[in-house]
Amino acid sequence: MKKSFKLKGLDCANCAAKIEEHVKKIDGVEDVSVSFMTQKMTVEISSEDEEIFKKIKKVVKREEPDVKVDEN
Amino acid sequence: MKKSLIQIIISFILFLVAMAVPFENDLINKGLYIIAYLIVGLEIVWKAIRNIFRGKVFDEHFLMAIATIGAFVIGEFPEAVAVMLFYQVGELFQDYAVDKSRKSITSLMDIRPDIAFVKRNGKVEKISPEDVKVGENIVVKPGEKIPLDGMIVEGSSMIDTSALTGESIPKEVTVGDEVLSGCINENGLLTIKVEKEFGESTVSKILDLVENASSKKSKSENFITKFAKYYTPIVVIIAVLLAIIPPFVLNLGEFTEWLYRALTFLVVSCPCALVISIPLGFFGGIGGASKTGILVKGSNYLEALANTEIVVFDKTGTLTEGVFEVQKVEANGISKEELLKYAAYAESNSNHPISLSLRKAYNKEINQSSILKTEELAGRGVSSNVEGREVLIGNDKLMEEKNISYTPCNEIGTILYVAIDNKYAGYILIADKIKEDSFKAIKELKANNIKETVMLTGDKKQVGESVANELGLDKVYTELLPDGKVEKVEELMKDKSEKGKLVFVGDGINDAPVLAISDIGVAMGGLGSDAAIEAADVVIMTDEPSKIGTAIKISKKTMRIVKQNIIFAIAVKVLVLILTAFGIGTMWEAVFADVGVSVLAIINSLRALKVK
């Protein structure tokens, strides 16, 4: 299933690429695309699992502490 | 943003003073440089330190901090400040540019309606469009956005569809007409019966599509991301080697000299210009296209459009209007008006498209009491008695059967011969009309060096070929069943070069398999057709085939910009790296290579937004 998040405060394109790279490595994440321009992250996940969301948020926080993840 | 601008200005003034005024005690100069540096760079240094603790060394803040602090250490104070100052100017500019293009896209997305006025229990309530149910009536006042798709039950007005179609001429609507959410009601008060929930309404679908367009990345974007991943570590490693090997291993000159070169490397080690300008360019291209009513579902499709070699069109509804209309009335012995009247009367009991087009052309009320009898003659036509006169209307077989001498007509389309009281009275030509815009479309494609324009149709050979000839298409395949179309497109796919792309343009109905197998599937008249929006890669909101040419032009322009940026940025950086390694380039040039290139690349990218 597909889910999208708003990445508030995402202000550099390189950071978007890094977030994308690391979120892709999370178990249960099949595909991910981070758009720097729309500040949106679209993830394709195997199942709707709170654990995966938590992990995603953690990875984003580790990569870019100033970016806030909002579900929408 | 304001804050950092003030910081930059203050820092810049201090920097200029320190540069221009030779104080007696040069500690004052150095002090000024350090203050100027701290004002503008403290934040970067702090972020760098924070990131080191997270184990991230190749972070751009870290690189900037190391390069500038290193410059201080070897006594290059002005360089240190300049690098940080211009780096911040670049960042500020980047923010500004990104913000600007985001805004211009969101203004496009400003079509999202916030409120709906719904009629409930005799009162008008103001609620969120999400809460309106199908079947309810909503009221839209002049100047308001239509919040949900529906049908007008009361009132008439002019509506502005430009947000959806890019078409600036308002459309006249009245009771019975379907209206789409996202249009603006200009002057009349409308009551609309809602036919789709908000989530299913046109406006939601379009917003969704535009918002998600940037998630499908182009090859260029992926290339840049990959390039950035290797570029930075490689430059940093070379910088380290440059600082150590020549002075200590090869005994070539002073360590500080080589350290300076190494630090200069670090200044250009950030691939920011590229990483930011490429998606910005695509984003601008997609945004610009949306403004003209062309929705491109992803950067990858925008990129592919530039390599279009073959454009395949469906005929009916795409190149032609898709509705049968009376094209010609040729009367013999009576007036054209009369001929049309008898024909319309005779066919008035049928719901066949041909009968409908006759009635539409006649455009007057039919007095049923004057039709005495009507008999359908299968495969030939109709025999009827209208106002006491015997009317025969049908094909050549009918005329021959009834022994009526008529003048055969060779025009393309459906020909109805009419005889009144067994005397030939003329013929009526009914045909699908080629869209005015189709001529422009084909011309534009040829001007854009498209190798082949092809038409596929299920229609008869004679009809299809006549349309293709008139439009000047290169190839035409007629009398195809839906799976025949798939076969033909598969064949055509083999005709193109390796990089070339095949674009299929259809109306989105019944075309799904062909849309899916072509490189780029384009659905036309996307407004209101969910199937089309789902199946296609590019949706043209209006029914103008010439928008294909526009889309290809936008794509080519975007790709030009993207390529210019990639080549320009990489070339300048590599040049500066080489010059620096041999001791010719200085940190000043490096600052230009980094910030200057970013700024220029971004300005270049912003051009993609502009569509003529």
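These numbers were taken from a predicted model, which means no experiment stands behind them.

Draft legend 1. Summary view of the sheet that holds strand β3 (residues 137–140) of chain B. Residue and element names in this part refer to chain B. The 6 strands are arranged β2-β1-β3-β9-β4-β7 in an open sheet whose pairing can be described as antiparallel. Whereas interior strands pair on both sides, the edge strands pair on one side only; in this sheet they are β2 (123–127) and β7 (178–179). Judged from the 4 bridges that link them, strand β4 (residues 150–154) and strand β9 (residues 190–194) form a sheet pairing that is antiparallel. Directly across from Gly150, in β9, lies its bridge partner Val194.

Draft legend 2. Just the interface of chain A and chain B, in detail. Chain A puts 12 residues into the contact, and the matching count from chain B is 17 residues. It is helix α1 (residues 13–24) of chain A that provides the largest number of residues to the side of chain A that touches chain B, a total of 3 residues. Of the residues belonging to the side of chain A that touches chain B, the class tally is 4 nonpolar, 5 polar and 3 charged.

Draft legend 3. A look at the sheet that holds strand β2 (residues 29–35) of chain A. Residues and elements named next belong to chain A. Ordered in space as β2-β3-β1-β4, the 4 strands form an open sheet in which the pairing is antiparallel. The open sheet has two edge strands with one neighbour each: β2 and β4 (68–71). For this sheet, the mean angle separating the axes of adjacent strands, direction not counted, is 25°. Where strand β1 (residues 2–8) lies against strand β3 (residues 40–45), 5 bridges are found, and the strand directions are antiparallel.

Draft legend 4. Inspection of the pairing of strand β5 (residues 157–160) of chain B at higher detail. Bridging between β5 of chain B and strand β6 (residues 171–173) of chain B involves 3 bridges; their strand directions are antiparallel. What sits directly across from Ser157 of chain B, in β6 of chain B, is Val173 of chain B.

Draft legend 5. The domain arrangement of chain B, seen in detail. Domain boundaries in chain B define domain 1 (116–211) and domain 2 (321–433). Averaged C-alpha coordinates put domain 1 of chain B and domain 2 of chain B at centres separated by 41 Å.

Draft legend 6. Inspection of the packing of helix α7 (residues 219–249) of chain B against helix α8 (residues 255–267) of chain B at higher detail. All names here are of chain B. Direction vectors running N to C along α7 and α8 enclose 175°, while the axes themselves pass 8 Å from each other. Between α7 and α8, the interaxial angle falls into the category roughly antiparallel. Seen from α7, the contacting residues are Val235, Val236, Ile238, Ala239, Val240, Leu242, Ala243, Pro246 and Pro247; seen from α8, they are Phe255, Trp258, Leu259, Arg261, Ala262, Phe265 and Leu266. Broken down by class, the residue content of the contact of α7 with α8 amounts to 15 nonpolar, no polar and 1 charged.

Draft legend 7. The arrangement of the packing of helix α3 (residues 60–73) of chain B against α8 of chain B in detail. Residues and elements named next belong to chain B. Following both chains from N to C, one finds α3 and α8 inclined at 150°, their axes separated by 8 Å at the closest point. Classified by the angle between their axes, α3 and α8 sit roughly antiparallel to one another. Considering how the two elements wind past one another, α3 and α8 form a crossing that is left-handed. Contacts from Leu63, Ile66, Ala67, Gly70 and Ala71 in α3 reach Leu259, Leu263, Leu266 and Val267 in α8. Residues belonging to the contact of α3 with α8 are distributed by class as follows: 8 nonpolar, 1 polar and no charged.

Scoring rules and cut-offs
- Residues numbered from 1 in each chain as written.
- Chains lettered and ligands numbered in written order.
- Predicted model: local features only at pLDDT ≥ 70, side-chain atom pairs only at ≥ 80, totals over all residues.
- Pairing = 2+ DSSP bridges.
- Helix = DSSP H or I, 4+ residues; strand = E, 2+ residues; numbered from the N terminus.
- Contact = placed C-beta atoms within 7 Å.
- Nonpolar A, V, L, I, M, F, W, Y, C, P; charged D, E, K, R; others polar.
- Axes fitted to C-alpha atoms, helices over the stretch in contact; angles between N-to-C directions.
- Domains from an automatic or database assignment.
- Parallel < 35°, antiparallel > 145°, perpendicular 65-115°, else oblique.
- Left-handed = near helix turned anticlockwise from the far one by under 90°.

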